[in-house]
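Spelled out from the first residue to the last, the chains are:
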Amino acid sequence: MTDVIRCEGLTKRYPGVTALDGLDLTVPAGQVFGFLGPNGAGKTTTLRILLGLIRPTSGRAWLNGRPVPDPDGLAEVGAMIEEPAFYPWLTGRRNLAVLALTGPPLPAGDDPVGAALSRAGLAGVADRKVNGYSQGMRQRLGLALALLRRPSLLLLDEPANGLDPAGIAEFRALLRTLASEGSSVFLSSHLLAEVEQVCDQVAVVRGGRLVEQGPVARLAAARARVRVSLEPADVGSALALLRRWPARADGPASLLVDAADGRAVNETLGRGGIWAHQITLTRPGLEETFLNLTETIIPEVGGAAASR
Amino acid sequence: MRLLRAELAKLNRPLAWGVAAAAALFCVLLAAGGAHNAAVGARSAPRSLPSCAAMGVRAGPLCTRALAIERSRLTEILAGPAQVAAQLSPAQAGAESAGLMASLPGALALALLAGGHAGGEWSGRTVKNLLTQCGRRWRLTAAMLGSLWLAGVGLMTVCWAALAVTGPVLARLNNLPAPDATAGHEVSLALSQCGRALLVLAVFAAIGVLASVLTRGTIGTTATAAGAVVAMLVLASLPGVAGWSPATWVQGWMGFPAGQASITALPTNFWSRFIGPGGAPGPWSGLAGLVGLLMATMLLAGRVFRRADVTG
């Protein structure tokens, strides 16, 4: 499987600010890939470098195997960066037609502009001037622009901003459809519930560096915890027995163990002669995992990031 | 060519139509004022030269010189109606239009259009859309220049058309004499001046494009482009350095008559009033200077844009 995006040591410094600090990232083809991080983590900067809008201070990046910036390669890439902006005095359809002229010829078809507008759910208002569009409509027009050339790779930055719940559901379905048709989607978003539902893999960045990357389920599993209820007198002995896992007391009669296997915890305690009243496995959602990765647990998983 | 078509499609906007309407109105109002001034000036001019005593000058060489100046002024005033009538003939109005658009009014109109059209790509944050469709920034720079230049040519055409329609009416209303130049001469003069104006308009457009990539905003582009042209004119008025000002290259290339310090009739341009007599080089030196300025401006604009981070 080829990589649609690869970054090696990507760094971008502005006076007084390091937006990206040696980002290494690999995105496999044919997936919906979530790109997560708190504000200022370097997500938009990464997308801008990939699209040739800004130049990295150091490091290299490839899109579809071609080093960026690559003007020719843009024909296979659809992009929507932050809040999309258009020419307000033109209609939605005219905006796309004009922007279509600025790039390579559109793929053959009856009406590629109309098809992109329909796919983004804008067919009904395509002939209205953009200055009358709501934020959600502009967002959809941005999506239509990204889909205009039927790209093999979509780079989307907060694409669901301003969409109503129905729009978000449509958008989620659209992403899955695109992936099933063979397109790769690189999705930068703060809507973790959406990312969790549509993404095959996610990468989490913080302070311009990659903190964690992997399938959504594995990331959540890696943060699974076992809660053990037991006699208060047994807490100390139990902590000693469970020393192979990070564990801590959570109240007078309870322990929290960073482990994904409740049976192994139970077995270890039983061998030591301690019998738990209750053992519960908790798997955090992506949101909790994200918060853990970007806030409190950073020192455990990314010493370099934590050391800054 | 696809990029140029896209840029021209974007120029189909209220700002461009507004500037075109303003240019037409300006040309017509200027013609109306010029025709009226010429007619009134000729009517109220004295039929004979004043005496030395009437001028308060003692007879002698001083009076002779004063009489010569007065004779020249009177001749100019009396010739005014015929000259304005010629300027307002439908064919020769092209030369008038070229003179106005290749001088300060045209420069300011193009600065305004550059602000909306080129600088607006940054203010409106649409430049990122352009660059994600076409990553070749040199081509985008060239297309912006081409579209602005064509807009300038459009303004010149609009002004010519407005003068061609209203000029004969204004001449008749002010009882101006029929122009005595042949149609062939009028057309030849108009085409020659319009042809020369094409280069000047390209320079004004290039200054606008450079201002847009430097300032990255509508207001900054308009102010910088207009300021650059005004600075050229200020430089041209300074003794010793006037020859280094692009304003004198425009003056030399367009062949604008020197002076025209007051609007007693219809001025052929709004440029030479800022440049003293003898300050302009010959037409070929002017041509070389303007071509060099055009190339340097575009090279700089392309280079700045190619290296610029687009973060808006």
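Residues numbered from 1 in each chain as written. Chains lettered and ligands numbered in written order. Predicted model: local features only at pLDDT ≥ 70, side-chain atom pairs only at ≥ 80, totals over all residues.

### Examining the overall build of chain A
- Counting its regular elements, chain A contains 12 helices and 14 strands.
- With the principal axes as the frame, chain A shows a C-alpha extent of 75 × 40 × 35 Å.
- Residues counted as buried form 44% of the 308 residues belonging to chain A.
- Considering only contacts in chain A between residues 6 or more positions apart, those separated by 24 or more positions represent 69%. (Helix = DSSP H or I, 4+ residues; strand = E, 2+ residues; numbered from the N terminus. Buried ≥ 20, exposed ≤ 12 C-beta atoms within 10 Å, placed from the backbone. Contact = placed C-beta atoms within 7 Å.)

### So, the overall build of chain B
- Helix and strand counts for chain B stand at 12 helices and zero strands.
- The C-alpha extent of chain B, read off along each of the three principal axes, is 75 × 45 × 30 Å.
- Per-residue burial over chain B gives 51% buried out of 312 residues.
- Within chain B, counting contacts between residues at least 6 apart in sequence, those at least 24 apart form 84% of the total.

### A closer look at the nonpolar core
- Counting 175 residues, the largest nonpolar core has A144(A), F186(A), L148(B), C159(B), V200(B), A206(B) and V209(B) as the members making the most contacts within it.
- By residue number, the principal contributor to this core is helix 9 (residues 183-215) of chain B, which donates 16 residues.
- Look past the residues within four positions of V200(B) in its chain and what remains in contact with it is A102(B), V250(B), W253(B), M254(B) and L290(B).
- Counting residues in hydrophobic clusters, the runner-up holds 11 residues, among them V228(A), L242(A), V257(A) and L269(A). (Core = buried A, V, L, I, M, F, W, Y, C linked by C-beta atoms within 7 Å.)

### Some thoughts on the domain arrangement of chain A
- Segmentation of chain A into domains returns domain 1 (3-214) and domain 2 (224-282).
- On a C-alpha basis, the centres of domain 1 of chain A and domain 2 of chain A stand 45 Å from each other. (Domains from an automatic or database assignment.)

### Focus: the sheet that holds strand 8 (residues 184-188) of chain A
All names here are of chain A.
- An order of 6-7-8-3-9-10 is seen for the six strands of this open sheet, with the pairing classed as mixed. The outermost strands of the open sheet, each flanked by one partner alone, are strand 6 (77-80) and strand 10 (209-215). When strand polarity is set aside, the average angle formed by the axes of neighbouring strands in this sheet is 15°.
- Here six bridges tie strand 9 (residues 201-206) to strand 10, and the two strands are oriented antiparallel to one another. Counted as the bridge partner of A203 is Q213 from strand 10.
- Across the sheet, helix 1 (residues 43-50) touches strand 3 (32-36), strand 7 (153-157), strand 8 and strand 9, and the angle it forms with strand 7 is around 145°.
- Its contacts with the sheet place helix 4 (residues 135-147) against strand 6 and strand 7, and it is angled at close to 165° to strand 6. (Pairing = 2+ DSSP bridges. Axes fitted to C-alpha atoms, helices over the stretch in contact; angles between N-to-C directions.)

### Examining the environment of N175(B)
Residues and elements named next belong to chain B.
- Along the chain, the position of N175 falls in the loop between helix 8 (137-173) and helix 9.
- Here N175 falls in the exposed class, since 12 other C-beta atoms lie within 10 Å of it.
- Once the C-alpha coordinates of N175 and E76 are considered, the two residues, 99 residues apart in sequence, prove to be 18 Å apart.

### Looking at the confidence of the model for chain A
- Summing up the model confidence of chain A, the mean pLDDT is 86 and the portion of residues at 70 or higher is 93%.
- Taken as a whole, residues 296-308 of chain A scores under 50 in pLDDT and shows 18 contacts with residues more than four places along the chain or in a different chain. (pLDDT = per-residue confidence, 0-100.)

### Some remarks on the sheet that holds strand 11 (residues 225-229) of chain A
Residue and element names in this part refer to chain A.
- An order of 12-13-11-14 is seen for the four strands of this open sheet, with the pairing classed as antiparallel. At either end of the open sheet lies a strand with only one pairing partner, and these are strand 12 (247-249) and strand 14 (278-282). Strand-to-strand twist in this sheet, taken as the mean axis angle between neighbours without regard to direction, amounts to 20°.
- Where helix 9 (residues 262-271) meets the sheet, it contacts strand 11, strand 13 (254-257) and strand 14, and its direction lies at approximately 150° from that of strand 14.

### Describing the packing of helix 8 of chain B against helix 9 of chain B
Residue and element names in this part refer to chain B.
- At their nearest, the axes of helix 8 and helix 9 sit 8 Å apart, and the two run at 135° to each other. In this view, helix 8 runs oblique relative to helix 9, as classed from their interaxial angle. Classified by chirality, the crossing of helix 9 by helix 8 is right-handed. Touching T141, M144, L145, L148, W149, G152, V153 and M156 of helix 8 are C194, A197, L198, L201, A202, F204, A205, A206, G208 and V209, all from helix 9.
- A per-class count over the contact of helix 8 with helix 9 returns 15 nonpolar, three polar and no charged. (Parallel < 35°, antiparallel > 145°, perpendicular 65-115°, else oblique. Left-handed = near helix turned anticlockwise from the far one by under 90°. Nonpolar A, V, L, I, M, F, W, Y, C, P; charged D, E, K, R; others polar.)

### Notes on the interface of chain B and chain A
- With 23 residues of chain B in contact, the opposing surface of chain A contributes 20 residues.
- Listed by contribution, the elements that provide at least two residues to the side of chain B that touches chain A are helix 1 (2-11) and helix 7 (127-133) of chain B.
- Taken together, the residues that form the side of chain B that touches chain A break down as eight nonpolar, seven polar and eight charged.

### What to know about helix 1 of chain B
- By the burial criterion, the buried members of helix 1 of chain B are L3(B), A6(B), E7(B) and K10(B). The buried residues of helix 1 of chain B all sit within an arc of 95° when viewed along its axis, so they share a single face. (Arc of directions from axis to C-beta.)

### A word on helix 12 (residues 283-307) of chain B
- Helix length check: helix 12 of chain B (25 residues) gives 36 Å between terminal C-alpha atoms against 36 Å at 1.5 Å per residue, within 8%.
- Looking only at helix 12 of chain B, the buried set comprises G286(B), G289(B), L290(B), L294(B), T297(B), M298(B), A301(B), G302(B) and F305(B). (Expected span 1.5 Å × (residues − 1).)

### A word on the pairing of strand 7 of chain A
Residues and elements named next belong to chain A.
- In terms of residue burial, strand 7 counts as a mostly covered element, since five of its five residues are buried.
- Because side chains alternate across strand 7, one face comprises the buried residues L153, L155 and D157, and the other comprises L154 and L156, equally buried.
- Summarising the sheet, strand 6 and strand 7 pair through four bridges and their orientation is parallel. Directly across from M80, in strand 7, lies its bridge partner L156.
- Looking at chain direction, strand 7 and strand 8 are connected through five bridges and run parallel. Counted as the bridge partner of L155 is F186 from strand 8.

### What about the confidence of the model for chain B?
- Mean pLDDT over chain B stands at 90; residues scoring 70 or higher make up 97%.
- Across the interfaces of the predicted complex, the ipTM metric reaches 0.86, alongside a pTM of 0.85.

### Notes on unusual backbone geometry
- Of note, the bond from V68(A) into P69(A) is cis; its omega dihedral lies within 30 degrees of zero at 0°.
- Within the element layout of this structure, P69(A) appears in the loop between strand 5 (66-67) and strand 6.
- A positive phi angle, near 50°, is found at E158(A), a position not held by glycine.
- Mapping E158(A) onto the fold places it in the loop between strand 7 and helix 5 (165-180).
- For R125(B), which is not a glycine, the phi torsion comes out positive at approximately 60°.
- Structurally, R125(B) is set in the loop between helix 6 (104-123) and helix 7.
- Exposure remark for R125(B): the 18 C-beta atoms within 10 Å place this residue in the partly exposed category.

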